Amino acid sequence: MQPAAPLIELEGLSVRLGRREILHRISCRLGGAGGGKTIGLLGPNGAGKSTLIRTLLGFHRPSAGRARILGQDCLKGSREVRARIGYMPETDAFVANMTAVTFLKLLAEISGLPSEAALEKAHEVLYHVGLGEGRYRTLGTYSLGMRQMAKFAQAIVHGPELLILDEPTNGLDPAARRRMLALIREMKESHGMIVLLCSHLLGDVEEVCDEVVILNDGRVVHHANLEEERRANRRFVELEVTGDDRDLARSLREQGAEGVNEGQGRWRVVLPAGVELEALWALLAREKLGVHKLTHRRDSLEEIFLKAVGRLQRTPGEESLVPKGESTLAGL
Amino acid sequence: MPVYRRGYQRYAGPVTAHRHRMLAFPRHAWKRLMEQRLVVLVMLASFFWPLLCAVFVYLSNRADLLQGFDKAFVAFLEVKGRFFLIFMNVQSAAAVILAALAGPGLVAPDLTNNALPLYLSRPVSRFDYVLGRWLVLAALLSPVTWIPGLLLFAIQSGMAGWGWFAANWRLGAGVLLGFAAWILLVSLVALAGSALVRWRIIAGALVLAFFFVLAGAAQIIRQILRTEWSVLMDPGGAMYRIWSSLLGVEAPEGPGALACGLALIAMALLLAWVLERRLRPVEVVS
């Protein structure tokens, strides 16, 4: 069986803008076959996120290497690629004296929809993103939040396979931000779109993304499957117990789990595959220990991000769990 | 089901051919252009001179009405190359004014609020975008330039007979070619002006300035250096010499049609270069 073709494939991609090289020989494969996936693109300011997106769209010509998207070369097959992509840029992008419905109809027609279908889709999408009442207003009269929604609407009006969103929640109030994230999740889950989300807001990425790529200084410094990270994190348990816990380490070993006593009833436990939390509860009950606190360790995206860009050496508390000379558990 | 209850569904129907997608630009732009009263008024006013010329053609072919006039006057009324040259000269000015009014509204609004990335992230190229915008200007300028010009030629041919047509078909071809070149140049100026300046009024002024300031500068150089070659930097003057050559009318002294043609090609290339530099989906600051 052929391996699934990646959604985005970068091979030694370098992009030079003027005299500066923004992306340095990036190589990675993002997303597998099949729809319904969200990939987060993270990085500090100037890391090259927007340049990468624009290169994928064919706006910048690579100075070396190549980029393939949806199985097509970004430059040679740009027309075919663009027909399958919806793009929401970071900055304002509209024609001020055009009504939302006219603007969306025009963009849908440029994407290849026949005139009548384009008009129908424009109305449908504007209602769906919550701009139904204001669809005959000119875009210049829209508030920032409405303009963000209009930008999102134009990105989905032609029903793309891949949705590229550059900072979609910029300038949105909390309610609008929740609505935007819900829409992104809906595009992924209900409409099978693959979403490439570029955001500074780690919370947004963590909330909707399955996979994350971290760029720093024009290089990919980390590529993680958030679902796997979450699954792995479920095996790390932080405990606070009351009572005599001297035999707990031995009991845990009998269950196949590892536990480190941090003192004052605080424990860090690593559960082996196949051992669920219920077994731990039962063990604590047998030991007649009162449970004051039981949480999963959460290697948050912020920690992953800070470690990837070199601003954090290790997850706080990580060192206390691992005796010197043994491998770190953070990689699990 | 009403659209507000339907919810979002990904479009899965047939898609149009590339040509149809590119033509979405002129279709939408034309509608918006015709909503501008001033453009419509100037366009209507531009039909006045062709109507007057049509009356002239009619009169010049009514020998019964011309009996009793002296020969010099009857010769003056004869429809020949100079008649079409004067017609083209007047209509070319109308074309410049129309382009100055309509051109800036085609590109400047897309640049003001950064709409280009939205267009160019779709399956159209920058060339398609410019061609789409150019077609709007070509469609706007055609009814005031080559279409009435050819209509006058057809009326004259119809009234004067086959013999006149056989002897003067070059006039029709000259009108068509001459105006086609003018439309191309004027449209490029309008689009480049609109791409350079994001404020519509200033962009319009820039279009007019391109023709009138260059004409003025050419005149000043001509007076100071006493050379007719300064006409090469005057787009209107250079085009006049090309038209004279096409219509078989004696051209003023100075550079010939070939030199003028080369000068206009250089101008057109410069304008195309401006468009190439300015119409990009993202601005790169080196």
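Rules and cut-offs
- The residue numbers shown here count from 1 along each chain, following its written sequence.
- Labels are handed out in written order, letters beginning with A for the chains and numbers beginning with 1 for the ligands.
- Only residues with pLDDT of 70 or above have their local features reported here, since the model is predicted, and side-chain atom pairs are shown and tallied only from 80 upward, although totals for entire chains, interfaces and linings are computed over all residues.
- A pair of strands is labelled paired if DSSP reports no fewer than 2 bridges between them.
- Secondary structure elements are taken from DSSP: a helix is a run of H or I of four residues or more, a strand is a run of E of two residues or more, and numbering for both begins at the N terminus.
- Axis lines are fitted through C-alpha atoms, for helices just across the contact stretch, and the angle between N-to-C directions can take any value from 0 to 180 degrees.
- Placing a C-beta atom from the backbone of each residue, one calls two residues in contact when those atoms lie within 7 Å.
- Classification used: nonpolar for Ala, Val, Leu, Ile, Met, Phe, Trp, Tyr, Cys and Pro, charged for Asp, Glu, Lys and Arg, polar for all others including Gly.
- For classification purposes, angles smaller than 35 degrees are called roughly parallel, those larger than 145 roughly antiparallel, those between 65 and 115 roughly perpendicular, and all remaining angles oblique.
- Note that the domain bounds were set by an automatic or database domain assignment.

**Notes on the sheet that holds strand 3 (residues 37–42) of chain A**
Residue and element names in this part refer to chain A.
And step 1. Read across the sheet, 6 strands follow the order 6-7-8-3-9-10 without closing on themselves; strand pairing throughout is mixed. Unpaired on one side and paired on the other, strand 6 (85–88) and strand 10 (219–225) mark the two borders of the sheet. If you compare each strand with its neighbour and ignore which way they point, the axes differ by 15° on average.
And step 2. Where strand 6 and strand 7 (residues 162–166) come together, 4 bridges link them in parallel fashion. Following the sheet pairing, I85 is matched in strand 7 by L162.

**Observations concerning the interface of chain B and chain A**
And step 1. Between chain B and chain A, the contact holds 32 residues from the first and 40 residues from the second.
And step 2. The set of elements that each furnish at least two residues to the side of chain B that touches chain A consists of helix 1 (3–6), helix 3 (24–33), helix 9 (104–112) and helix 10 (116–120) of chain B.
And step 3. Residues that form the side of chain B that touches chain A fall into these classes: 18 nonpolar, 9 polar and 5 charged.

**Describing the packing of helix 12 (residues 146–160) of chain B against helix 13 (residues 162–196) of chain B**
Residue and element names in this part refer to chain B.
And step 1. Relative to each other, helix 12 and helix 13 sit at 175°, their axes nearing to 9 Å. By the angle between their axes, helix 12 is roughly antiparallel relative to helix 13. Only W164, F165, L171, G172, V175, L176, F179 and A180 of helix 13 make contact with helix 12, whose side of the interface consists of W146, G149, L150, F153, Q156, S157 and A160.
And step 2. Tallied by class, the residues present in the contact of helix 12 with helix 13 amount to 11 nonpolar, 4 polar and no charged.

**Quick word on the sheet that holds strand 2 (residues 20–30) of chain A**
Residue and element names in this part refer to chain A.
And step 1. Strand order in the open sheet formed by 4 strands is 2-1-4-5, and the pairing between neighbours is antiparallel. A strand with exactly one partner marks an edge of an open sheet, and here the two such strands are strand 2 and strand 5 (72–73).
And step 2. Pairing geometry for strand 1 (residues 8–17) and strand 4 (residues 64–69), over 5 bridges, is antiparallel. Looking across to strand 4, one finds that E9 is bridged to R68.

**Comments concerning the packing of helix 4 (residues 37–45) of chain B against helix 8 (residues 81–102) of chain B**
Residues and elements named next belong to chain B.
And step 1. Taken N-terminus to C-terminus, the directions of helix 4 and helix 8 make an angle of 170°; their axes are 10 Å apart at the nearest point. Classed by the angle they form, the pair helix 4 and helix 8 counts as roughly antiparallel. Along the contact surface, helix 4 presents L38, V39, V42 and M43, while helix 8 presents I97, L98, L101 and A102.
And step 2. Class assignment for the residues of the contact of helix 4 with helix 8 results in 8 nonpolar, no polar and no charged.

**A look at the pairing of strand 13 (residues 266–270) of chain A**
Residues and elements named next belong to chain A.
And step 1. Across 5 bridges, strand 11 (residues 236–242) lies against strand 13 in antiparallel orientation. Paired with V237 across the bridge in strand 13 is V269.
And step 2. Direction of pairing for strand 12 (residues 258–263) relative to strand 13: antiparallel, over a ladder of 5 bridges. Its bridge partner being in strand 13, V260 is matched across the sheet by R268.
And step 3. Counting the residues in the hairpin turn of strand 12 and strand 13 gives 2 residues, including Q264, whose phi is positive at 55°.

**Some words on the domain arrangement of chain A**
All names here are of chain A.
And step 1. Domain boundaries assigned for chain A yield domain 1 (8–224) and domain 2 (230–321).
And step 2. Computed from C-alpha coordinates alone, the two centres of domain 1 and domain 2 are separated by 39 Å.
And step 3. Taken together, the 11 residues of domain 1 in the interface contact 6 residues of domain 2.
And step 4. Only helix 7 (202–208), strand 9 (211–216) and strand 10 provide two or more residues apiece to the side of domain 1 that touches domain 2.
And step 5. Partitioned by chemical class, the residues of the side of domain 1 that touches domain 2 number 8 nonpolar, 2 polar and 1 charged.

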